[in-house]
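One letter stands for each residue in the lines below.
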Amino acid sequence: ESARLGIPISAESRRIIKEFSSLVDTGLLRSKHIMNAFEYILLTPAPTFNVLNEMLNTGMLTRLIPEFRKIENRVQFDQYHLYPVDKHSLRTVQIIKSFGDPKVNEKKRLYRKIYKELSAQLKLLMWAALLHDIGKGEPGDSHSISGAGSVQKVLKRIGYAAEDIDTVAFLVKEHLLLTKIATRRDISDEETAIFCAKKIKSVDRLKMLYLLSVADAMATGPKAWSEWLSSLLRDLFLKVLSVLEKGELASKEAVEIIEKKKSNIKKILGNMKNKKELEFVIENMSPRYTLYSDKEDIIKHVALYEKLGQKEFVWNVQKSEKEDTRTVTLCGKDHPGLFSKIAGVLTLNDLDILDAQVFTWKNNIALDIFKVKPPPDKIFEDDVWATAENNLKAAISGELDLTQVLKGKIVSYQTDLAPTAQRPHRVKIDNKSSSFYSIIEVFTYDYKGLLFKLTNAIYKNRLDIWVAKIATKVDQVVDIFYVREH
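Residues numbered from 1 in each chain as written. Predicted model: local features only at pLDDT ≥ 70, side-chain atom pairs only at ≥ 80, totals over all residues. Heavy atoms only, no water.

K.L.:
Sorry if this is basic, but what is going on with the overall build of the protein chain here?
P.N.:
Looking only at helices and strands, the protein chain has 23 helices and eight strands in total. Buried positions account for 50% of the 486 residues belonging to the protein chain. Sequence-distant contacts in the protein chain: of pairs separated by 6 or more residues, those separated by 24 or more amount to 69%. When the accessible surface of the protein chain is split by element, carbon and sulfur atoms take 52% of a total near 24,400 Å². (Helix = DSSP H or I, 4+ residues; strand = E, 2+ residues; numbered from the N terminus. Buried < 20%, exposed > 50% of the residue type's maximum accessible area, 1.4 Å probe, protein only. Contact = heavy atoms within 4.5 Å. Areas by Shrake-Rupley, 256 points an atom, 1.4 Å probe, with all protein chains shown as cover.)

Laid out in structure tokens, this is it:
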């Protein structure tokens, strides 16, 4: 009634519920009438207050679902989980329900559209949202796998059909899949979308998994959810959806997009460059770069290439209009260790790296794009960039040994590091996800100079970096590198 009327339960009612909670016995747990009432609460919008919170606070929720007791008041010791596991789970349910609000803002219109399309599966999605972290109360390394096992027990006890149990268990087991792939893999690579599609298998499951991924991140806290993650998840979702609806990515369609984009760029730049040279430049751009780079960005990059001539590199530093960051776009002659040298020079000049993209054109031209924090003293920012440019020239020519000059600086950065909860450093090598590259995943704590140390180690092992993904999670970093031998 509280859910139906949108009125909180009174203090006296809460006292009575607590006092007589022992009456919730096995018979009640197996009652279809009771579970129908509970599912009504799961599905009912909660714009002002969440009835599930009342059920948790009175002990009713843990009586109905005893497995939930293991995550009750369970605190997660890191810098981005704001809530205990139980409260986080209820917030996840509430956020998904908010996607159904007709007054949802422009940025959430895709969520509302998917929410409406899932009307028949919403009940299963809500169960997955409620129980997606249930495995955190179980011992073991993977809460997703143990959580899927717990979900099967809960839904089997309630009397769900095997097919529905399988769907919810899948959502719980894979609730981190899209977020991990979006932040740790090259989503511009067709293989990434195909890998996800083969794992998810159906359009409805993909839609449910997408909404669950978004709500899970939102419910974690502002440090876990950002416009950057929102954009990555949306792009990955749409790519995987295309694979599931049309079959494996039609190369013909991708080729048509590339050719159309090239044709438009040639028309725009036709008066700016020698036609033969322009043709050479555009035809030597990698398909991955051409397909997934904006037309406007490609035009800027061609203009940068035009300035290269016989120089080792040219770069452009652009201030962001929306945030206090700088985008450094470098166009240069590719050679082993270039990415590492750029990262080292930025660190040497106290320019903290937030993100990096690496593109290599067929004519051995490197296009490296770094997103960095501005220098501490913005008054002399131009001088800092001029010094950094000279440092990079010296590093490329061999006059500057970055390993030596950064040695003391990086040690001081590591000394200042004070992580919230110490976790071991991890390095994973993936030779299965890509047909052309080995993928190196590095899990560690972030500090200035880390990217240089990692990329320098990769270079010393005679490996070229073709794609890099830098994903900082507040107190930890996950750096991903797609590499091949020189």
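K.L.:
Just to check I follow, could you spell out a nonpolar patch on the surface for this structure?
P.N.:
Together, Ile 16, Phe 20 and Leu 23 make up an exposed nonpolar region whose accessible area comes to about 300 Å². Mapped onto the fold, Leu 23 is located in the loop between helix H2 (11-19) and helix H3 (26-29). (Patch = residues over 30% accessible without salt bridge, like charges linked within 9 Å, V, L, I, M, F, W, Y side chains within 5 Å. Salt bridge = Lys/Arg side-chain N within 4 Å of Asp/Glu carboxyl O.)

K.L.:
What exactly am I supposed to notice about the environment of Ile 282 here?
P.N.:
Relative to the elements of secondary structure, Ile 282 occurs in helix H17 (residues 275-283). The exposure class of Ile 282 is buried, given its relative accessible area of 0%. Taking the C-alpha atoms as reference, Ile 282 lies 63 Å from Leu 5; in sequence the two are 277 residues apart. Filtering out sequence-adjacent residues up to four positions away, Ile 282 remains in contact with Lys 262, Ile 265 and Lys 266.

K.L.:
In this structure, what is going on with the pairing of strand E4 (residues 365-372)? I would like to understand it.
P.N.:
Every other side chain in a regular strand lies on the same face of the sheet, so the side chains alternate between the two faces. Of all eight residues that make up E4, seven are buried, and the element is covered over most of its length. Across seven bridges, the pairing between strand E3 (residues 353-360) and E4 is antiparallel. For Phe 359, the partnering residue across the bridge sits in E4 and is Leu 367. Joining the antiparallel neighbours E3 and E4 is a turn of four residues, in which Asn 364 adopts a positive phi near 65°. (Pairing = 2+ DSSP bridges.)

The values reported here are purely geometric and, on their own, carry no functional implication.
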